[in-house]
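Given next are the chains, with one letter for each unit.
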Amino acid sequence: MKPLSHQIKLIRNYPDKGFLVWEGGTGKTVGACLWLHDGRDRDALVVCPKKIVRKWQQALKDWQTKATVISKEQFKKDEYYYNNHEWSAKVIDEADEFASPLFVAKKRSQLSTCLYQLTTKYPDMPTLLLTATPIRSNPWNLHTLLTFYGHYIDWKDWRSAFFDLKYPGDPS
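Residues numbered from 1 in each chain as written. Predicted model: local features only at pLDDT ≥ 70, side-chain atom pairs only at ≥ 80, totals over all residues. Heavy atoms only, no water.

Looking only at helices and strands, one finds eight helices and five strands in the protein. Tracing the protein from N to C terminus, the helices and strands come up as α-β-α-β-α-β-α-α-β-α-β-α-α. By the burial criterion, 47% of the 172 residues in the protein qualify as buried. Of the contacts made within the protein by residues no fewer than 6 positions apart, 68% connect residues no fewer than 24 positions apart. (Helix = DSSP H or I, 4+ residues; strand = E, 2+ residues; numbered from the N terminus. Buried < 20%, exposed > 50% of the residue type's maximum accessible area, 1.4 Å probe, protein only. Contact = heavy atoms within 4.5 Å.)

Structure follows, in structure tokens:
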């Protein structure tokens, strides 16, 4: 198999952090395998929906790339994955499913909380987020996804800089 030009561009242009937003069927999994294979697959973690764990395992094998592949359900149930192990890199497939607002207590999901714990413990870890639908419901989800790169942007600064929005339940 030969990588496509947009997949090669991903590897060259995004060495440590990337947000891969390509439509379904355009090679996000292959692009991620190539990104990992480019020196990040020593002990990498891939978190994906349960229904595509085998697809990921096969793709990694096809591209001679090493990584531990787990479902998002496994990820949130076992603290080892997000609190007790320093991975060489992390790839989050269907990252939009982790994007519930982190800093609004009643809206926070267990998935986003676990990934945030991993990110804050190892903020310099190479990270690749994959999605075909980056913003499912509102701009606060994008704010959450960006925090998974290890750089927190205060939500009030985010709101004033980029949006004139009020999140439901936000008193200010």
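What follows covers unusual backbone geometry. Here the phi dihedral of Q64 falls at roughly 50°; this positive angle occurs in a residue that is not glycine. Look at E94: it is not a glycine, yet its phi comes out positive at around 55°. Position of E94 among the secondary structure elements: in the loop between β4 (90–92) and α6 (110–121).

Across a sheet, paired strands are connected by hydrogen bonds in the backbone, their directions being either parallel or antiparallel. Spatially, five strands are ordered β1-β5-β4-β2-β3 in an open sheet, and the strand pairing comes out parallel. The sheet is open, and its two edges are formed by β1 (17–21) and β3 (68–71), each paired on a single side. The average undirected angle you get between the axes of adjacent strands in this sheet is 15°. Sheet analysis places β1 next to strand β5 (residues 127–131), joined by five bridges and oriented parallel. From the neighbouring strand, G18 faces β5, where its bridge partner is L128. On top of the sheet, helix α2 (residues 28–37) reaches β1, β2 (45–48), β4 and β5; it is set at about 175° to β5, its chief contact. (Pairing = 2+ DSSP bridges. Axes fitted to C-alpha atoms, helices over the stretch in contact; angles between N-to-C directions.)

At a closest axis distance of 10 Å, the pairing of α2 and helix α3 (residues 53–62) adopts a crossing angle of 50°. The angle between α2 and α3 falls in the class oblique. Like other packed secondary-structure pairs, α2 and α3 cross with a definite hand, here right-handed. Counting all contacts with α2, which are made through T29, A32, C33 and L36, the residues of α3 involved are K55, W56, A59 and L60. (Parallel < 35°, antiparallel > 145°, perpendicular 65-115°, else oblique. Left-handed = near helix turned anticlockwise from the far one by under 90°.)

Turning our attention to α3. Among the residues of α3, those classed as buried are V53, W56, A59 and L60. For α3, the buried positions fall inside an angular range of 125° around the axis, keeping them on one side. Counted as exposed and oriented over 90 degrees from the buried face of α3: R54 and K61. Following α3 by one or two positions, Q64 has its phi on the positive side, about 50°. (Arc of directions from axis to C-beta.)

Its location among the elements puts H85 in the loop between α5 (79–83) and β4. Residue H85 is classed as buried on the basis of its relative accessible area of 17%. Among the polar contacts made by the side chain of H85, one reaches the side chain of D43 at a distance of 2.5 Å. Of the polar contacts made by the side chain of H85, one reaches the side chain of Y80; its length is 3.0 Å. Filtering out sequence-adjacent residues up to four positions away, H85 remains in contact with D43, Y80, L118 and Y122. (Polar contact = N/O pair within 3.5 Å; in protein donor to acceptor, adjacent residues only side chain to side chain.)

Once that is clear, we can look at the pattern of salt bridges. Between side chains of opposite charge, pairing is possible as soon as their charged atoms come close. One pass over the full model with this rule turns up one salt bridge. For E97, the salt bridge identified is with K72, shortest N-O distance 2.1 Å. On the criterion of sequence distance, the pair formed by E97 in the loop between β4 and α6 and K72 in helix α4 (residues 72–77) is long-range, its members being 25 residues apart. (Salt bridge = Lys/Arg side-chain N within 4 Å of Asp/Glu carboxyl O.)

A few words now on the pairing of β5. In terms of residue burial, β5 counts as a mostly covered element, since five of its five residues are buried. Of the two faces of β5, the one carrying T127, L129 and T131 and the one carrying L128 and L130 are both buried.

With 12 residues, α6 extends 17 Å between its outermost C-alpha atoms, agreeing within 8% with the 16 Å of an ideal straight helix rising 1.5 Å per residue. Buried residues of α6: L111, S112, C114, L115, L118 and T119, and no others. One side of α6 carries all its buried residues, which in axial view fall inside an arc of 165°. (Expected span 1.5 Å × (residues − 1).)

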